[in-house]
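Understanding the architecture of this molecule
Residue-level listing of the chains:
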Amino acid sequence: MSLIKLRGLEKTYQQGKIAVPALRGIDLEIESGEFTTIFGPSGSGKTTLLNMIGCLDKSTAGEIIFDEHSINDLNNKELAEVRRYNLGFIFQSYNLIPVLTAFENVEFAIRLIEKHSKKERRDRVMSLLEEVGLGEMANRRPNELSGGQKQRVAIARALIKEPKLVLADEPTANLDSETSQEVLELMKEMNRESNTTFIFSTHDPQVMDYARRLIEIKDGKITNDQRRD
Amino acid sequence: MFFLKMAIKNLSRHKRRTVITALIIAFAILIYILTEGLMIGMTEMSFDNIINLESGHLQVANQDYWDDRRELPLRDLIRPSAAVESELKQTEGFVDLTKRLNFSVNLNNGIDELPVTGVGIEPGQDSQVFELEQHLVEGRMPEADSSEIIMGAKLAELMDFSLGDFAIMLIRTEEKTFNTIDGEIVGLFNTPHPSLNESNIFSSLSTAQQRLNVEDKISHYVLRLEDQDQAVNAAASLTGRLEGELNAYSWRDAAESLVTMLEMQEIETQVILAIILTMAAVGIVNTVILSALERMEEIGMMKALGMHQREIVYTFMGEAAGIGIIGGVMGIIMGSLGLWIFNLNGIDMSALTGGGDINYGFPLSGTIYAGWEISSFIFVFVYGVFVSILASIFPALWAARKDPVKAIYHR
């Protein structure tokens, strides 16, 4: 079953009086449980595409269907609701809240859903932190963690609410190759265990090696879409 | 609770900035508490002076006389009666009463003449209602049926009189004919009520009545009650019971111009508070904008996680409320300390007015002490927190409305 369907998706940015096309008619379907990488050179439109799929930005033309619902006509509040319950994000620069501990950073995402008791929340957060190998560091603040550990916290934060889709924008860009590998292994394991769909944007060959589907994008168009088993 | 906890943690990011912004609020609260304290102190002292030296708690006079009382007329006077006095004694909280006759005097020392107010008092009985005797700095009170008088030490100095001198008091009788009281100065007083010191002469009631040719009439009765707060209700109830043209007036009616002035002063204090807190609000706006700019990527992340604008605004409002509370607590402590220091020795009114006799219309002089009311503390604290929160709304909205993509990538 398709989790995401994009039909003729276009995005044009206005820079002063000049219209700059970022996406020029993207047609794409992504199934549940996929581990997909979107790659391409800088400025090719991969981050813009990720933002569109992540309901963070609105398209200029075309249609986005998420979980069989069109999100084109949703207002900002409704888009926030879609993100709150269905999407997880992993950013290149982690974007953790520096005054909160690793535990609280992860708990922050689940608190927004408001359907778990305090004990349930605590158990889930601790179990996930242990899964990402940070059970002992739950009370550390981000400035007391290494880059890889921070990204693990970010992964736990993205997964804690059991989203249908996790979007990761250049998740290994700030990590050394060894740590990158650990983080990618972790995400792949999460993908296998929970069947959560992962979409990455990257130009890191190491990330591409892990992907089961590779989508190449150039000048705002998909130029190659290749599945690997 | 989580957002509150996060707001508190966010306040600890830039402790110095938080403290400086809170200090601006604390400073505004300090100024308010001191100004309000001074006003409360001056108000209480002014009312005490009016009650103890000028009006008592209640005055009973003919309605027409009361309307023209500042002109010191000799018409519409009251003829005392046992029936009226018996009725007055039934007043709730009644302690004592006395009779007075106010009249116009031109005080003459043989060279100069000065218009002053003469007051005929019942020696002995007057001290049951008023505190004039306690403020005698020389001599004694006048005796009944005598030509003895007392006056303010300042007035005596101005007219070059000393104790034992005779002062010529030029008066006009009810029939408009001139008469004099050749008053022997037997006492000089110095009260904390400046206008009383400068323009009042007290003589025996019987002497004043005889020289003014008003028989046994008086201008008004003055009553002392157990508590000044009883006066307004007592005046209303007594007026209902009194017959004819007689009406009862509370000390607030007697001091109506002062009450109006104090109300204006209160507005002035509120305006000062509003101005200073507006300045503090600018500090809050600045702090929230700086915080938002520093945390733009976090805001983007919060939006990506699905936080609504409203929730992001609440986070910043929580921080502003935290600054307001810190500033409020600091302000209350500083204000309380300020009032305590202020009241250690009080403040000499003449020092405030550059050493002169200017009193800005307040019936008080000498050393003043600040007062305080718990309600003022609560008001200014709540107001400070409210202004902090209010000031944070627009910059918080600005931050919360940021496009999530622009916020995440800090474009």
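Rules and cut-offs
- In this convention, every chain numbers its residues from 1, walking through the sequence in written order.
- Chains carry letters from A onward and ligands carry numbers from 1 onward, assigned in written order.
- Note on the predicted model: pLDDT of at least 70 is required for a residue's local features to be given, and 80 or more for side-chain atom pairs to be given and counted; whole-chain, interface and lining totals, by contrast, use all residues.
- UniProt positions are given in the numbering used here, feature names are shortened, and annotations may be inferred rather than shown by experiment.
- Runs of H or I in DSSP of at least four residues are treated as helices and runs of E of at least two as strands, each being numbered from the N terminus.
- Multiplying 1.5 Å by the helix residue count minus one yields the expected span of that helix.
- At any given residue, the bend is defined as the angle formed between two axes, one fitted to the seven residues that end at that position and one fitted to the seven that begin there.
- Paired strands are those between which DSSP finds at least two bridges.
- The source of the domain bounds is an automatic or database domain assignment.

Looking at an unreviewed UniProt entry, chain B carries the name Putative ABC transport system permease protein, with the source organism given as Halanaerobium saccharolyticum. UniProt annotates chain B under Sequence similarities (unreviewed entry) with the comment "Belongs to the ABC-4 integral membrane protein family. LolC/E subfamily." Per UniProt, the comment on chain B under Subcellular location (unreviewed entry) is "Cell membrane".

Under an unreviewed UniProt entry, chain A has the name Putative ABC transport system ATP-binding protein and belongs to Halanaerobium saccharolyticum.

A word on helix 14 (residues 374–400) of chain B. With 27 residues, helix 14 of chain B extends 38 Å between its outermost C-alpha atoms, agreeing within 8% with the 39 Å of an ideal straight helix rising 1.5 Å per residue. Of all the bends found along helix 14 of chain B, the most pronounced is centred on I393(B) and spans about 35°, while P395(B), a proline, follows it within four residues.

Bringing the sheet that holds strand 4 (residues 61–66) of chain A into the picture now. All names here are of chain A. Pairing is antiparallel across the open sheet formed by four strands, whose spatial order is 2-1-4-5. The sheet terminates laterally at strand 2 (18–31) and strand 5 (69–70), the two strands that pair on one side only. Two strands pair when backbone bridges link them, and strand 1 (residues 2–15) and strand 4 are joined in this way by five bridges, in the antiparallel orientation. Within strand 4, the position partnered with I4 by the bridge is F66.

The next subject is the domain arrangement of chain B. If you check the domain split of chain B, you get domain 1 (2–49 + 258–408) and domain 2 (56–252). Here the C-alpha centroids of domain 1 of chain B and domain 2 of chain B sit 48 Å apart.

Before going further, it helps to examine the UniProt feature "transmembrane region" (unreviewed entry) in chain B. Residue and element names in this part refer to chain B. Following the UniProt record, one finds the feature "transmembrane region" (unreviewed entry) at residues 20–42, 271–293, 314–342 and 374–400. Helix and strand shares over residues 20–42 are 100% and 0% respectively, and the end C-alpha atoms of the span are 33 Å apart. Between the C-alpha atoms that bound residues 374–400 the distance is 38 Å, and the span itself is 100% helix and 0% strand.

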